[in-house]
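Here are the chains, one letter per residue:
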Amino acid sequence: MGEMLSVKNINVFYGSIQALRDISFHVNEGEIVTLIGANGAGKTTTMHAISGLLKLRSGEIDYCGQTISKMEPHKIIRLGLAQVPEGRRVFSGLTVQQNLQMGAYTRRDGKEAIQNDFDMVFDLLPRLKERRNQPAGTLSGGEQQMLAMGRALMCKPKMLLLDEPSMGLSPLLVKEIFKIIRQVNRNGVTVLLVEQNAKMALAVSDRAYVLETGAISMEGRASDLAADDRVRKAYLGA
């Protein structure tokens, strides 16, 4: 498995405030990699930089051997790199089915292929099938998170960026969301995960990076970081 995503010494500013400081990391094809850290550490900023929503002051981001640092977001999506944003952001006035159709808007591979992916999403997320004609704004928080993930999967991504997928969900739904993340990965989609529930994130991930005040402070196998006293005290409540 080769490198799918390579982030090299990126620096991002909000006005005069530096949000990311020489961040470097990589994600190999087939992996689940997680970024953990406190609020304000730079996790979401990193995701937005990768997906083209924020411009870099310096550094480079490569995806599948192609530099995407200066590429527009819709072009990045067409390369198979899709983001599920923090806070879900479904189209509340549209039905579940229409939200999923929005995920496929960049595709050019024909109605049959898109229908096959509708079937795949409904098999993976049967609750969405039950509510396919229901307005997205009437769904529960957990169902909206599933819909946001399903919409991203309709882009037919090779890699999925998941930003705080468990935010605001009950412990039972958190377990369900992480079960879905595992299954998406088993189905061949590489995953970069940002998550404040560090215990769950490290449990499903192959490798992890710890972000502190815009810089990477630790990295390694997820199981090793989960056993590290510094990580346990700072992020696992030990």
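Just above, that's the structure.
Remember, it's a predicted structure, so these values are computed and weren't measured experimentally. (Residues numbered from 1 in each chain as written. Predicted model: local features only at pLDDT ≥ 70, side-chain atom pairs only at ≥ 80, totals over all residues. Heavy atoms only, no water.)

Caption draft 1: Structural detail: the nonpolar core. Within the largest apolar cluster, 39 residues are counted, with the highest numbers of intra-cluster contacts made by Leu160 and Ile181. Counting only elements with at least two residues in this core, the list comes to strand S6 (81-84), helix H3 (96-103), helix H4 (111-124), helix H6 (141-153), strand S7 (159-163), helix H7 (171-186), strand S8 (190-194) and helix H8 (198-204). Looking at which element gives the most residues to this core, the answer is H7, with 7 residues. For isoleucine 181, the contacting residues outside a window of four places in its chain are Ile32, Met149, Leu162, Pro165, Val191 and Leu193. Core analysis: the second largest hydrophobic core is formed by 29 residues, Leu20, Val27, Leu54 and Leu56 among them. (Core = buried A, V, L, I, M, F, W, Y, C linked by side-chain atoms within 4.5 Å. Buried < 20%, exposed > 50% of the residue type's maximum accessible area, 1.4 Å probe, protein only. Helix = DSSP H or I, 4+ residues; strand = E, 2+ residues; numbered from the N terminus. Contact = heavy atoms within 4.5 Å.)

Caption draft 2: Local environment of the pairing of S7. S7 sits mainly inside the fold: 5 of its 5 residues count as buried. Of the two faces of S7, the one holding Met159, Leu161 and Asp163 and the one holding Leu160 and Leu162 are both buried throughout. Here S6 runs beside S7; their pairing, made up of 4 bridges, is parallel. Its bridge partner being in S7, alanine 82 is matched across the sheet by leucine 160. Of the strand pairs in this sheet, S7 and S8 are connected by 5 bridges, and their pairing is parallel. Residue leucine 160 lies in a different strand from S8, and its bridge partner there is valine 191. Handedness of the crossover joining S7 and S8 through H7 is recorded here as right-handed. (Pairing = 2+ DSSP bridges. Right-handed = clockwise from strand over helix to strand, strands pointing away.)

Caption draft 3: Focus on the pattern of salt bridges. Tallied over the entire structure, the rule returns 8 salt bridges. With a closest N to O distance of 2.9 Å, aspartate 62 and lysine 8 form a salt bridge. Within this pair, whereas aspartate 62 is found in strand S4 (residues 58-63), its partner lysine 8 is found in strand S1 (residues 3-14), the two being separated by 54 residues in sequence. A relative accessible area of 36% means that lysine 8 is categorised as partly exposed. The salt bridge partner of arginine 131 is glutamate 130, with a shortest N-O separation of 3.0 Å. (Salt bridge = Lys/Arg side-chain N within 4 Å of Asp/Glu carboxyl O.)

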